[in-house]
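Observations on the model geometry
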Amino acid sequence: MTERSPLRDSKLSWAGAMPEGWDLLRLGSVARMLVPMRDKPTDLEGAIPWIRIEDIAGKYVYESTSSQGVSPETIRRMNLKVFPVGTVLCTCSCSMGATAIAARPLVTNQTFIGIVPSPRLVPDYLFYLMQASSEHLAAHATGAIQQYLSRSDFEQLRLPGPPISVQRAIAAFLDRKTAAIDALIAKKERLIELLQEKRQALITQAVTKGLDPDVPMKESGVDWLGRIPAHWRTVPVRFVSLTIQTGTTPPTDQPTYFEDADIPWYGPGSFGPALEVGEPTRFVNQVAIRDGKVKPLPSGTVAVVTIGATVGRVAMLKRLGTTNQQVTGIVFNPRIVHERFAGFQFKRLESVLRGLASVTTLPILDQAELASVPVVVAPLPEQAAIAERLDSELQRIDIVISKQAESIARIHDFRQTLISAAVTGKIEVPTEEAA
């Protein structure tokens, strides 16, 4: 790769300079836009794939991962738009710029617009070009509730237009380079998965078997606990807790509860893979507590998401805080249960808690069910030693996971930079690359 010269101003804020000899194209003049029909088919048993955002995973889209499809009769009856092979799908609502190429005729929902290139535009080049302009697209989306780009927005989009031979060369170059980058990312993501599995195995081993491999064992009587040390016992949460408390939401139209606020108020979005709770949804003040609009929970509380898509997620509060009504806090009796031992034990039970939730409109894990969950209780000094060992061992794993995640983020940034540089002519791509 060498610097391409000379360059001229493309007059595109997102593209910067581009080579002399390249055209500046209006997308609507070199491509046809296909906008899906508003109505969703009720019969999705046909052979022509019905594509959603969840089905996009790579450069080409071949099929619906949920095996949904429409029939020719449904297409005729509803006047559905069929995207031909080579159509570049681009999201026009929600997450802007997610892109794929139709590898077979297909139909999509309204998340996408279909861009059918003319002979002046190579589909593979357009695929990368739309990725490079994703931030520009997102910045120009409108809508109070859901961001959206119209057919006209796409038609008016201005793009660099190199000669066809150069478009093919750039696409071939990026195919090879991004494949290598994606393979590296996949290896790092797999490493993170293995480290997380090791992390979970360490927690499970410690909180159900203890630290002494030679200790006598007994059956716990609980299927998902199995055998436990003979001197441990199992009891329901309600027998070893001081408080089991579901949160509340203060009136959001009353600013008096949010002014000069420094008390964290957590919702399901605050719960992630770590034991410690993440960033709060917002902050409330002492007035909200005084008026009974929120219920305070002390540092060390084990909090569980009990309503919604992430039901069963667990985290520990690092300081005095409050939660909304989708989260229930458990304050364990410190004379019986070490708070971090309880936290690790509940973190290990996330999948069990999800399985206990009843499913109606939303998954719900009620207080009574939570209070009946059996937990293991070891002597307090042993609980403290287990928590200390886990803190030490998991910290080392978490440091490696964090470094790998940071590395993946940097590689993603490099990938995007490489795509942008190639499609706007910042780097020289020999035309032999197209061969």
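Everything numeric here is computed off the predicted structure, so don't read it as measured data.

Some words on the overall build of the protein
- From N to C terminus, the protein includes twelve helices and 25 strands.
- By principal-axis analysis of the C-alpha atoms, the protein measures approximately 80 × 50 × 45 Å.
- The proportion of buried residues among the 435 residues of the protein is 47%.
- Contacts spanning at least 24 positions in sequence make up 71% of the contacts within the protein whose residues lie at least 6 apart.
- Here the protein holds 47 positive side-chain charges and 45 negative ones, and the gap between their average locations is 2 Å.

What to know about the sheet that holds strand S7 (residues 69–70)
- The mixed open sheet is built from three strands, whose spatial order is S7-S5-S10. Two strands close off the open sheet at either side, each with one partner strand: S7 and strand S10 (107–108).
- Pairing geometry for strand S5 (residues 48–51) and S10, over two bridges, is parallel. Across the sheet, residue Ile51 finds its bridge partner in S10, namely Thr108.

A closer look at the packing of aromatic side chains
- For the structure on display, the rule yields four aromatic pairs.
- An angle of 50° between the planes, with centres 6.4 Å apart, marks the rings of Tyr60 and Tyr62 as tilted.
- Taking relative accessible area as the criterion, Tyr62 reaches 49% and is therefore assigned partly exposed.
- Above the plane of the ring of Phe258 lies Arg282, whose end atom (NZ or CZ) is 3.7 Å from the centre.

Regarding the packing of helix H6 (residues 164–209) against helix H9 (residues 339–348)
- Across the interface, H6 lies against H9 with an axial gap of 9 Å and an inter-helix angle of 125°. Relative to H9, H6 is oriented oblique. Crossing of H6 against H9: the hand is left-handed. Contacts between H6 and H9 involve Gln200, Ile203, Thr204, Val207 and Thr208 from the first element and Phe341, Phe344, Gln345, Lys347 and Arg348 from the second.
- Residue composition of the contact of H6 with H9, by class: four nonpolar, four polar and two charged.

Overview of the sheet that holds strand S22 (residues 327–332)
- The antiparallel open sheet is built from four strands, whose spatial order is S16-S22-S19-S20. Single-partner strands in this sheet number two, and they are strand S16 (241–246) and strand S20 (314–316). On average, adjacent strands in this sheet sit at an angle of 20° to one another, irrespective of strand direction.
- Summarising the sheet, strand S19 (residues 302–305) and S20 pair through three bridges and their orientation is antiparallel.

Brief notes about the nonpolar core
- Ranked by size, the top nonpolar core spans 89 residues in total, and within it Leu27, Ile115, Phe154 and Phe346 carry the most contacts.
- The element contributing the most residues to this core is helix H12 (residues 380–423), with 13 residues.
- Val61, Phe83, Phe112 and Val116 belong to the second largest nonpolar core, which has eleven residues in total.

As for H9
- A large share of H9 lies buried, amounting to nine of its ten residues.
- All of the buried residues along H9 are Arg340, Phe341, Ala342, Gly343, Phe344, Gln345, Phe346, Lys347 and Arg348.

A closer look at the pattern of salt bridges
- Throughout the structure, instances matching the rule amount to 16 salt bridges.
- Here Arg52 makes a salt bridge to Asp55, at a shortest N to O gap of 3.6 Å.
- Close ionic contact of Glu73 with Arg77 constitutes a salt bridge, the shortest N to O distance being 3.6 Å. Separated by four residues within a single helix, Glu73 and Arg77 lie in helix H2 (residues 72–78), roughly one turn from each other.
- Within this structure, Arg52, Glu54 and Asp55 form a network of salt bridges that share partners.

Notes on the pairing of strand S2 (residues 16–19)
- As judged from the four bridges shared by strand S1 (residues 7–12) and S2, these two strands associate in the antiparallel manner. Among the inter-strand pairings, Leu7 is bridged to a residue of S2, identified as Pro19.
- Between S1 and S2, which pair antiparallel in sequence order, lie three residues.

Concerning the environment of Thr234
- By the secondary structure assignment, Thr234 is in strand S15 (residues 233–236).
- Separated by 70 residues in sequence, Thr234 and Ile164 have C-alpha atoms that sit 71 Å apart.

Points about unusual backbone geometry
- Notably, Ser67 is not glycine yet its phi reads approximately 60°, a positive angle.
- Inspection of the secondary structure assignment puts Ser67 in the loop between strand S6 (60–61) and S7.
- The phi dihedral of Asp260 falls on the positive side, at around 50°, and the residue is not glycine.
- Secondary-structure assignment places Asp260 in the loop between S16 and strand S17 (263–266).
- In this structure Asp260 comes out as exposed when scored by relative accessible area, which is 78%.

What to know about the environment of Val61
- Residue position: Val61 is located in strand S6.
- In sequence terms Val61 and Thr99 are 38 residues apart; their C-alpha atoms lie 9.6 Å from each other.
- Each residue touching Val61, except ones within four places of it in the same chain, is listed here: Ile51, Asp55, Ile56, Leu89, Ala100, Ile101, Ala102, Ala103, Arg104 and Leu106.

The rules we used
Residues numbered from 1 in each chain as written. Predicted model: local features only at pLDDT ≥ 70, side-chain atom pairs only at ≥ 80, totals over all residues. Heavy atoms only, no water. Helix = DSSP H or I, 4+ residues; strand = E, 2+ residues; numbered from the N terminus. Buried < 20%, exposed > 50% of the residue type's maximum accessible area, 1.4 Å probe, protein only. Contact = heavy atoms within 4.5 Å. Lys, Arg positive; Asp, Glu negative; His and termini not counted. Charge placed at Lys NZ, Arg CZ, Asp CG, Glu CD. Pairing = 2+ DSSP bridges. Phe/Tyr/Trp six-rings, centres within 6.5 Å; stacked < 30°, edge-to-face > 60°. Lys NZ or Arg CZ within 6 Å of the ring centre and 35° of its normal. Axes fitted to C-alpha atoms, helices over the stretch in contact; angles between N-to-C directions. Parallel < 35°, antiparallel > 145°, perpendicular 65-115°, else oblique. Left-handed = near helix turned anticlockwise from the far one by under 90°. Nonpolar A, V, L, I, M, F, W, Y, C, P; charged D, E, K, R; others polar. Core = buried A, V, L, I, M, F, W, Y, C linked by side-chain atoms within 4.5 Å. Salt bridge = Lys/Arg side-chain N within 4 Å of Asp/Glu carboxyl O.

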